Amino acid sequence: MPRVSALEMDDVPMGQLPPHIQLQRTRVFCASDAPTQTENIQYSGAYASMGVDNSFRLDDFVKNFRVEVARLDEDDIEFDMIGIDAALANAFRRILIAEVPTMAIEKVLFANNTSVIPDEVLAHRLGLIPIKADPRLFEYMSVKSDQLEWLPNGSEFQLVTDNSTSNSNSNSKPKTYTSFSRSQTSLPEFSEDSIALKHNDITIAKLGPGQVVLLENVEDEKAEELVKKCPVNVFDIEDIGEGKRRATVARPRACTLCRECIRGDDWENRVALRRVKNHFIFTIESSGALPPEVLFTEAVKVLESKCEQHTSVIWTDLTEDNGSTELKLVIANQKA
Amino acid sequence: MEHGSIKDSSSSTFSFADEDHTLANSVRFALNQDPRVTFCGYSIPHPADALVNIRVQTTGAPASEVLKDAVQDLMVMCQHVRDTFDKAVVDSKVSGSVKAMKIKP
Amino acid sequence: MVSIEYTKGSHGDITVATKKDVIIGRLPIMLRSRCCVLNLRDEAELARLGECPLDPGGYFVVKGTEKVILIQEQLSKNRIIIDKDSKGHLIASVTSSTDAIKSKTVFILDKEKIRVVLNQFIKPIPIMVIMKAMGIESDQEVVQMIGRDPRYGVLLLPSIQECVEENVYTQQQALEYLETKVKRFSFSYGSVEKEGRALSIIRDVFLANVLVRDLHFRPKCIYVAVILRRMMEAVLNKDAIDDKDYVGNKRLELSGQMISLLFEDLFKTMNSEVKKSTDNLLEKSSRSSKLDISQHLARDIITHGLERAISTGNWDVKRFKMHRKGMTQVVLRLSFIATVGHMTRILPQFEKSRKVSGPRALQPSQWGMLCPCDTPEGEACGLVKNLSLMTHVTTDDEEGPLISLCHSLGVEDLELLSGEELHAPNSFLVMFNGLILGKHRKPQHFATALRKLRRAGIIGEFVSVFVNEKQKCIYIASDGGRVCRPLVIADKGISRVKEHHMKELKVGIRTFNDFLRDGLIEYLDVNEQNNALIALYEGEAVPETTHVEIEPFTILGVCAGLIPFPHHNQSPRNTYQCAMGKQAMGNIAYNQLCRMDSLLYLLVYPQRPLLTTRTIELVGYDKLGAGQNATVAVMSYSGYDIEDAIVMNKSSLDRGFGRCIVTKKLTAINQKYANNTMDRIIRPQRVGRDAERMQILDDDGLAAPGEIIRPYDIYINKQSPINKEISVHSPAGLPDSAYKSAIQTYKGPRGETAVVDRVALTSDKDNNLCIKFLIRHTRRPELGDKFSSRHGQKGVCGTIIQQEDFPFSERGICPDLIMNPHGFPSRMTIGKMIELLGGKAGVSCGRFHYGSAFGEPSGHADRVEVISETLVKHGFSYSGKDFIYSGITGSPLQAYIFMGPIYYQKLKHMVLDKMHARASGPRVMLTRQPTEGRSRDGGLRLGEMERDCLIAYGASMLIYERLMVSSDPFEVQVCRACGLLGYYNYKLKAGICSTCKNGDNISTMKLPYACKLLFQELQSMNIVPRLKLAEA
């Protein structure tokens, strides 16, 4: 390439990002040493110099956002969310883990326990068993710090425990419950059996941006080598005529990002391993109480309600004049 | 709670009690996408306190207004996500049942 | 319990009666030894007996506590050791030990003169005098005995001259000379005996291990000559000096030897006791019945003597003037490994305070015998050692048959040799257990013959034959306490153990003993190893190879054997892990829940390590593990992970990671008193003042199992009689008023919900009812609890973080804990990294991977390449680094994170047991200052150095406040006239000086109570401290 003075070079076309920057904006580069371009460019004015508005328009979002359900059964769901920022997707994930209510046993009263397992351990194990009951049907106890009551022997809720209410509730399926109640009735063999019952479906969510592997015409033997190299069968071979063959990405979802395909001499130049920043694969395994799709809706609702709650707070703040806000602050400080 | 100044309403810090990265990070995202925002960020002052501080600086608009807009945007987005998701689930259930019917005979 | 046959001779009419099976005493029996009921039991039988099949045994149960008699390390007895003393003099010392006497003979080369130092002589005796006293009057003969090398003659000359200067030429003169040098102990010795003192010392004390029959001194002379020859060799050649730290010069004394020593002494005491009491009886003229000695056998001398020795650890053997302390220890039951490790511990002979490096250094000769890793840190470092995995410590073997065998194999008897012939070229001296047996002309031939006999099983398998080319000696040893280990015999570099042997072993047709009996394997001690060329693996053998190692990982002991890939770690890390493995919580035995340990730490969900070693399987650590496989991400997170702190996942803790149970024992005794009254336990009051504190009591007055016990709760409602001395005619019918309450209350930390786990009713040694309560407390990990991996990488929990904030991998895997990568560069624990890789591969392919020490060539450890291949096959990166997302923002991290399972141990140090703060609280009575220590709710000391800082800073008011106001302020009345302390008279409302008898010049001031105390103490020793007050 001949050297050209910067002054003589063409201007960057306004209103449009050059392809490499566009790639950086939308892809995570998974190089062999470390991933780069991992963060989303969120700032609205990030590309202002190029005349590109990075700001957010709701209608754009509405237009581009897609959900594709890949798999759905009683306890699991796997779906793709395309066109959403990591911040939001992660918020949903976090809520799924932490804030969507699930039912579990909180207090256990031991009438008699003659098994080898000590009371606390048994209680702990019982507490880990998810109860198949729809938590939405119950009065949800808030765990906000200002609603905690100070009791002489530690922080305790004075309300009745979950399991006592669920006992009366007709909606609670008795399956998990019987095993639990039986363990109370001084039959150590049974109690152990119930513990061994594997309720291994704990609400767990995981996500990862969708992956796309771009190839620069890896052909013939090299192509075959590549297919062999990947342990999880991401690649396939495609005939491109004239006796030439080319490796293609056949199963991008199977990629575990083991980076085996870019290991070794020169492979990094042939294979570009990248991930799409705004494509997320969600896998939700339900603990059984609620179907996974409901869980996700619940999670979104939680975030919504959070927003709602805080808008109202901000709104009330706004309606009051600023002076009083300051005054309130002072009072709060004095209290502290 | 807002910690701002009377003179300049364009920049202030908001303290959200009983919140963590979940809301703060989403709000930061929404704020960042707003062209009126010159700076925004959040911090959790101490891991033992359930408290987030969100800092908003704008080009001139009142920070609280901008924040409110961001939060409302977020809400709208959530609603849209829910709608799209529900639709997708219904679609997949329908297609899934069709598939199942195909397999049966 | 031992029953002994004895013979009874009655007086008068001479009838000899025998009485069989008379009990003279009871002997504690080592668990799982041949006499123990647990010996040769299989697993099911042991389980039925309530014993743990994995328990190593080897300890004693005395007075209800488990005691180990630790292995004692000593310098070889009856061996010549050439050394240099602190002043640089060459020294040859022989510590003789026979059945009758123990003595130490030292030959010292001082200013070119060789002298003998013996305790019985007041000063060093010239060697030639001794020789002459032993009947070798001719100097020429001495020179001949030593050897005719002119250099030796030159070295001996000053000694000969010295002898001449003393005018000693004949045996008689020598003895007379010695007589003057004998120490006079007391005047009670009769003068008749005095004459022979010098001779008897020379005969019995000087080199006591060489026996002298009928004043036949020749063997002793030759022994002396050999010593002199070795000394001169050392003068000429520095290499000939022996190394005291050389393991071959050491003997390990096991519990059997210790007990036999004690038993012998006690038995003799008992005999003399019996004699004394019989004599007393016979002296009495009026005896009614016939004498029967069996009636006078005192049984408890032996029983009590042994019991006392084992339970206190004080070994007092009067005959040998042995007073050793700390010989026994309570078996560590902190974890299973601690127990096993305790059995292999070796205590050093010298005290720990000595700052010498020699005995602490790692000895090349301890290869395969003593673990190179397992030693404590600090003052006992390198002195306290541990046995390796396959070490065997020999016991005494019979000498007689071996000696005659040697003679028939061509050893020329000493008696028949002249001094000249002794050191003839091409002939080797034959030393048997430190004695000179004779000489042999074909040393190698003789050695191979003996070894063949040993392999054939004709002589004991632990007899060692060692040809020392330098000293021209053949050492044969059959004594006890030598360390040895088994090795595969190789003929011309080809191992005798073939494939079909191993197959037979696997099928179970062949056992280890079969290998030994068939001459495929033999035991070599440290000395004999010097004659062997040992190949590490069969493939590395050369034609000269005589032996092949069984497995290289056996050079490590039990504790070091737990470490995966220890050969990839920096060596001190393995040593640290050896110490920490003993503090790890887990399981202690299969019967851990049936035991009543005073303090027990258990893990709720212990796991088997994903990365095991062969040692782990051999010892049984896989069955009684002490740790959990934690998914570890090596990354920096949150800043709460500096200085080795670890960040833990709260959800993992919720699921039971690191959860542990601590049980403590409380004891109450229902005492019986001299007047036949006894304590009683009564029903609890259900109403009334103490009803609340008695909530946990059952109707029997004891705390019920399963009840939550809080501080100040009563766990036993006991009453004791007020009158305990004066006899009462009906002890059972005492009225209630005759009892006073003797309740016992639980004093635990506040806020801890402890539970009564079990209540056991037993009886103590005085047959009192003894009630033991086990209090259980379940703890989940909290900030500050200590954890460690198996690579000496300890760290405290720095923070606990919600799972949603934790990073997660592409597959949704979330780590259990996060470790800071700064822990790696300086520690160089590559083994930990390989453990992570191996664990990750093991998890994904469903197979336990191995990491035995030095195990790669033999397949006992997986290679990193193979592990990486497995990882790749299961879709992980070959490097073990995963693509990780931040749990906070949801975007990927800008680095691949090294993540996988590592076996983590929870150590017994927990914050809950250590945290302490105090505002005001108890004070010491004497000084009125705050108490010291957490257990007494003590204050936090502002020490001297802190005080220095405050002085330097000038914060005098702070010093005043800390050292007086907040410590022990006291108001005193000081008399300005006499300067002494007065008192305050409350009636007159004035201070009065007791010395001046008035209150005219009294001032009130404040000073620390300790200061006032000092004044009074000074006064009590006639020093008058006077205070001179000035206006401030």
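Conventions we followed
Residues numbered from 1 in each chain as written. Chains lettered and ligands numbered in written order. Predicted model: local features only at pLDDT ≥ 70, side-chain atom pairs only at ≥ 80, totals over all residues. Helix = DSSP H or I, 4+ residues; strand = E, 2+ residues; numbered from the N terminus. Buried ≥ 20, exposed ≤ 12 C-beta atoms within 10 Å, placed from the backbone. Contact = placed C-beta atoms within 7 Å. Pairing = 2+ DSSP bridges. pLDDT = per-residue confidence, 0-100. Axes fitted to C-alpha atoms, helices over the stretch in contact; angles between N-to-C directions. Left-handed = near helix turned anticlockwise from the far one by under 90°. Nonpolar A, V, L, I, M, F, W, Y, C, P; charged D, E, K, R; others polar. Parallel < 35°, antiparallel > 145°, perpendicular 65-115°, else oblique. Core = buried A, V, L, I, M, F, W, Y, C linked by C-beta atoms within 7 Å.

## Points about the overall build of chain C
Move 1: Scanning chain C from terminus to terminus reveals 26 helices and 51 strands.
Move 2: On the principal axes, the C-alpha backbone points of chain C span a range of 95 × 95 × 75 Å.
Move 3: Scored against the burial criterion, the 1032 residues of chain C give a buried share of 38%.
Move 4: Pairs at least 24 apart in sequence give 68% of the contacts found in chain C among residues at least 6 apart.

## A word on the overall build of chain A
Move 1: Assigned secondary structure in chain A consists of 11 helices and 10 strands.
Move 2: Here chain A holds 336 residues, and 29% of them are scored as buried.
Move 3: Taking the intrachain contacts of chain A between residues at least 6 apart in sequence as the baseline, contacts between residues at least 24 apart amount to 67%.

## Description of the sheet that holds strand S39 (residues 754–763) of chain C
Residue and element names in this part refer to chain C.
Move 1: Spatially, five strands are ordered S28-S32-S40-S39-S34 in an open sheet, and the strand pairing comes out antiparallel. Pairing within the sheet leaves two strands with one partner each, and these edge strands are strand S28 (599–603) and strand S34 (708–709).
Move 2: The sheet contact formed by S28 and strand S32 (residues 660–670) spans five bridges and is antiparallel. Bridging from a neighbouring strand, Leu 599 pairs with Lys 664 of S32.

## A word on the confidence of the model for chain A
All names here are of chain A.
Move 1: When the pLDDT values of chain A are averaged, the result is 63; 51% of them are 70 or greater.
Move 2: Mean pLDDT across the secondary structure elements of chain A bottoms out at strand S6 (residues 154–155), with 30, and peaks at helix H3 (residues 86–98), with 86.
Move 3: Taken together, the stretch residues 141–220 has pLDDT below 50 and engages in 135 contacts with residues farther than four places along the chain or on a different chain.
Move 4: Of the regions scoring below 50 in pLDDT, residues 320–336 engages in eight contacts with residues more than four places distant in sequence or in other chains.

## A word on the packing of helix H9 (residues 255–283) of chain C against helix H10 (residues 300–312) of chain C
All names here are of chain C.
Move 1: For the pair H9 and H10, interaxial distance at closest approach is 9 Å and the crossing angle is 145 degrees. Crossing handedness for the pair H9 and H10: right-handed. On H10, the residues that touch Ile 259, Leu 262, Phe 263, Leu 266, Phe 267, Thr 269, Met 270 and Glu 273 of H9 are Ile 301, Ile 302, Gly 305, Leu 306 and Ala 309.
Move 2: Within the contact of H9 with H10, the residues separate by chemical class into 10 nonpolar, two polar and one charged.

## Re the interface of chain A and chain C
Buried accessible area, meaning the area lost when the parts come together, often serves as the stated size of an interface.
Move 1: At the interface, 37 residues of chain A touch 33 residues of chain C.
Move 2: At the level of secondary structure, the elements contributing two or more residues to the side of chain A that touches chain C comprise strand S1 (27–30), strand S2 (35–36), H3, helix H4 (119–128) and strand S7 (204–215) of chain A.
Move 3: Ranked by residue count, the leading element in the side of chain A that touches chain C is H3 of chain A, at eight residues.

## Quick look at the pairing of strand S47 (residues 892–906) of chain C
Residue and element names in this part refer to chain C.
Move 1: Taking burial as the measure, the 15 residues of S47 include 11 buried ones, the bulk of the element.
Move 2: Of the strand pairs in this sheet, strand S41 (residues 786–789) and S47 are connected by three bridges, and their pairing is antiparallel. Paired with Phe 787 across the strands is Lys 906, a residue of S47.
Move 3: Relative to S47, strand S46 (residues 881–885) is paired through four bridges, and the arrangement is antiparallel. Bridged to Lys 881 within S47 is Phe 898.
Move 4: What sits between S46 and S47 in their antiparallel hairpin is a turn of six residues, with Gly 890 showing a positive phi close to 90 degrees.

## Overview of the packing of helix H5 (residues 171–181) of chain C against helix H7 (residues 197–205) of chain C
Residue and element names in this part refer to chain C.
Move 1: For the pair H5 and H7, interaxial distance at closest approach is 8 Å and the crossing angle is 95 degrees. When the axes of H5 and H7 are compared, the pair comes out roughly perpendicular. Contacts from Leu 175, Leu 178 and Glu 179 in H5 reach Arg 197, Ala 198 and Leu 199 in H7.
Move 2: Residue composition of the contact of H5 with H7, by class: four nonpolar, no polar and two charged.

## Structural notes on the nonpolar core
Move 1: Residues Met 231, Val 430, Ile 474 and Ile 476 of chain C are the most contacted members of the largest nonpolar core, which totals 200 residues.
Move 2: For this core, the element with the most residues is helix H8 (residues 218–236) of chain C, which contributes 10 residues.
Move 3: Counting residues in hydrophobic clusters, the runner-up holds 53 residues, among them Met 81 and Ile 97 of chain A together with Val 37 and Val 56 of chain B.

## Considerations on the sheet that holds strand S9 (residues 113–117) of chain C
All names here are of chain C.
Move 1: With antiparallel pairing, five strands are arranged side by side in an open sheet as S6-S7-S8-S9-S10. Each end of this open sheet is capped by a strand with a single partner; those strands are strand S6 (80–84) and strand S10 (125–126).
Move 2: Pairing geometry for strand S7 (residues 90–97) and strand S8 (residues 102–110), over eight bridges, is antiparallel. Bridge assignment links Ile 91 to a residue of S8, and that residue is Ile 108.

## With respect to the environment of Ser 858 of chain C
Residue and element names in this part refer to chain C.
Move 1: Following the sequence through the fold, Ser 858 ends up in the loop between strand S45 (849–850) and helix H22 (864–873).
Move 2: For Ser 858, a count of 17 C-beta atoms within 10 Å gives the class partly exposed.
Move 3: Spatially, the C-alpha atom of Ser 858 lies 34 Å from that of Gly 795, the residues being 63 residues apart in sequence.

## A closer look at the interface of chain B and chain A
Move 1: Every contact between the two is made by 42 residues of chain B and, on the other side, 44 residues of chain A.
Move 2: Of all the secondary structure elements, the ones that give two or more residues to the side of chain B that touches chain A are strand S1 (2–3), helix H1 (21–32) and helix H2 (63–103) of chain B.
Move 3: The element that contributes the greatest number of residues to the side of chain B that touches chain A is H2 of chain B, accounting for 23 residues.
Move 4: By residue class, the composition of the side of chain B that touches chain A is 18 nonpolar, 15 polar and nine charged.

## With respect to helix H11 (residues 336–343) of chain C
All names here are of chain C.
Move 1: Counting buried residues along H11, seven of its eight residues qualify, which places the element largely inside the surrounding structure.
Move 2: All of the buried residues along H11 are Phe 336, Ile 337, Ala 338, Thr 339, Val 340, Gly 341 and His 342.
Move 3: Packed against the buried residues of H11 are strand S4 (65–69), strand S15 (345–347), strand S16 (385–386), helix H18 (571–581) and helix H19 (614–619).

## Describing the environment of Arg 680 of chain C
All names here are of chain C.
Move 1: On the secondary structure map, Arg 680 appears in strand S33 (residues 680–681).
Move 2: Look at Arg 680 and you get partly exposed, because 17 C-beta atoms sit within 10 Å.
Move 3: Those residues in contact with Arg 680 that sit more than four places away from it in its chain are Gln 719 and Tyr 739.

## Comments concerning the pairing of S4 of chain C
Along any regular strand the residues' side chains alternate between the sheet's two faces.
Residues and elements named next belong to chain C.
Move 1: Note that strand S3 (residues 60–62) and S4 share three bridges and pair antiparallel. What sits directly across from Val 62, in S4, is Thr 65.
Move 2: The turn linking S3 back onto S4 is made up of two residues, and Lys 63 within it adopts a positive phi angle of 50 degrees.
Move 3: Pairing geometry for S4 and strand S14 (residues 328–330), over three bridges, is antiparallel. For Val 68, the partnering residue across the bridge sits in S14 and is Gln 329.

## Topic: the environment of Thr 38 of chain B
Residue and element names in this part refer to chain B.
Move 1: Tracing the backbone shows Thr 38 in strand S3 (residues 37–43).
Move 2: Here Thr 38 falls in the partly exposed class, since 15 other C-beta atoms lie within 10 Å of it.
Move 3: With sequence-adjacent residues up to four places away left out, Thr 38 is seen in contact with Gln 57, Thr 58 and Thr 59.

## Quick word on H22 of chain C
Residues and elements named next belong to chain C.
Move 1: When we look at burial in H22, the residues that qualify are Ile 867, Thr 870, Leu 871 and Val 872.
Move 2: On its buried face, H22 is in contact with helix H21 (830–845) and S45.
Move 3: Where H22 terminates, the next one or two residues include Gly 875, which has phi positive at roughly 85 degrees.

## Some details on unusual backbone geometry
Residues and elements named next belong to chain C.
Move 1: Positive phi, normally seen in glycine, also occurs at Lys 492, with a value near 50 degrees.
Move 2: Along the chain, the position of Lys 492 falls in the loop between strand S23 (483–491) and strand S24 (494–495).
Move 3: Phi at Asn 767 takes a positive value of approximately 65 degrees, unusual for a residue other than glycine.
Move 4: The topology assignment puts Asn 767 in the loop between S39 and strand S40 (769–779).

## Section: the confidence of the model for chain C
For any part of a model where pLDDT is low, the fine detail of the predicted coordinates should not be relied upon.
Residues and elements named next belong to chain C.
Move 1: Looking at chain C as a whole, the pLDDT averages 86, with 95% of positions reaching at least 70.
Move 2: Ranking the elements of chain C by mean pLDDT puts helix H6 (residues 191–194) last with 49 and helix H24 (residues 944–953) first with 95.
Move 3: Among the scores for the predicted complex, ipTM is 0.88 and pTM is 0.85.

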